[in-house]
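For reference, the chains in residue letters:
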Amino acid sequence: MTVSERAHELAMAAAQAAADKRAQDIVIIDVGDQLAITDAFLLAAAPNERQVLAIVDAIEERLLELPEKAKPVRREGERGGRWVLLDYVDIVVHVQHTEEREFYALDRLWKDCPQIPFVDRDLADSAAGTASAE
């Protein structure tokens, strides 16, 4: 894995914020060996424009709460709400409407790059609770 510790921290915090807002298909891709401009892409989808924007807002808020606050250096696509890009330098976040996610298929485009595992904290907690109840 070529992602820096900072990129990993940002990606995990952003992914959890997206998951907390019910984002779908959350994927973190290590693009550091392929791109000089960033270490990782975070991809997330939502079924409507309003949810896309809610996910983006949640990600921005969560990254500002980190001990070393992170603000995007670039934000694109907010007006349409179908695909918003947040560039944090160490990571680039793509929150897309489900249709755009399927059409552009960024995960397929970057399929040669390794994925960074992410498990939604709520799913992990409920799985642990189910296992202990048995």
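Above this text you will find the structure in question.
Residues numbered from 1 in each chain as written. Predicted model: local features only at pLDDT ≥ 70, side-chain atom pairs only at ≥ 80, totals over all residues. Heavy atoms only, no water.

1. A short note on the overall build of the protein chain
Working step 1: Tallying secondary structure elements over the protein chain gives five helices and six strands in all.
Working step 2: Listing the helices and strands of the protein chain from first to last along the sequence gives α-β-β-α-β-β-β-α-α-β-α.
Working step 3: Relative to the compact-globule value of 14 Å for 134 residues, the protein chain shows a C-alpha radius of gyration of 15 Å, a close match.
Working step 4: Considering only C-alpha atoms, the protein chain reaches an extent of 45 × 35 × 30 Å along its principal axes.
Working step 5: Expressed as a percentage of the 134 residues in the protein chain, the buried residues total 44%.
Working step 6: Taking all contacts inside the protein chain whose residues are at least 6 apart in sequence as the whole, residues at least 24 apart take part in 63%. (Helix = DSSP H or I, 4+ residues; strand = E, 2+ residues; numbered from the N terminus. Rg over C-alpha atoms; globule rule 2.2 N^0.38 Å. Buried < 20%, exposed > 50% of the residue type's maximum accessible area, 1.4 Å probe, protein only. Contact = heavy atoms within 4.5 Å.)

2. Here's the deal with the pairing of strand β1 (residues 24-30)
Working step 1: Of all seven residues in β1, five are buried, a share of seventy percent or more.
Working step 2: Looking at chain direction, β1 and strand β2 (residues 40-46) are connected through five bridges and run antiparallel. Residue pairing across strands places Asp 30 opposite Ala 40, the latter belonging to β2.
Working step 3: Examined bridge by bridge, β1 and strand β6 (residues 115-116) share two bridges and lie antiparallel to one another. Directly across from Ile 28, in β6, lies its bridge partner Ile 116. (Pairing = 2+ DSSP bridges.)

3. Here we look at the side chain of Thr 38
Working step 1: Position of Thr 38 relative to the elements: it lies in the loop between β1 and β2.
Working step 2: A relative accessible area of 3% means that Thr 38 is categorised as buried.
Working step 3: Only 3.0 Å separates the side chain of Thr 38 from the backbone oxygen of Asp 90, close enough to count as a polar contact.
Working step 4: In terms of polar contacts, Thr 38 uses its side chain to reach the backbone amide nitrogen of Ile 91, at 3.4 Å.
Working step 5: In this view, Thr 38 contacts Val 31, Gly 32, Val 89, Asp 90, Ile 91 and Val 92; residues no more than four positions away in its chain are not counted. (Polar contact = N/O pair within 3.5 Å; in protein donor to acceptor, adjacent residues only side chain to side chain.)

4. As for the sheet that holds strand β3 (residues 74-76)
Working step 1: With mixed pairing, six strands are arranged side by side in an open sheet as β3-β4-β5-β2-β1-β6. Of all strands in the sheet, those with a lone pairing partner are β3 and β6, marking the two edges.
Working step 2: Direction of pairing for strand β4 (residues 83-87) relative to strand β5 (residues 91-97): antiparallel, over a ladder of five bridges. Considered in β5, the bridge of Trp 83 is made with Gln 96.
Working step 3: Sheet strands touched by helix α1 (residues 5-20): β1, β2, β5 and β6. Its angle to β1, the strand with the most contacts, is close to 175 degrees. (Axes fitted to C-alpha atoms, helices over the stretch in contact; angles between N-to-C directions.)

5. Let's talk about unusual backbone geometry
Working step 1: Located in the positive-phi region is Arg 22, a residue other than glycine, with phi close to 65 degrees.
Working step 2: Topologically, Arg 22 is positioned in the loop between α1 and β1.
Working step 3: If you check the backbone angles, Val 89 has positive phi at about 70 degrees while not being a glycine.
Working step 4: Along the chain, Val 89 falls in the loop between β4 and β5.

6. Some points on α1
Working step 1: Between its terminal C-alpha atoms α1 stretches 23 Å, which fits the 22 Å expected from 16 residues at 1.5 Å a residue.
Working step 2: Those residues of α1 lying buried are Ala 7, Leu 10, Ala 11, Ala 13, Ala 14, Ala 15, Gln 16, Ala 17, Ala 18 and Ala 19.
Working step 3: One or two residues past the end of α1 sits Arg 22, with phi positive at roughly 65 degrees. (Expected span 1.5 Å × (residues − 1).)

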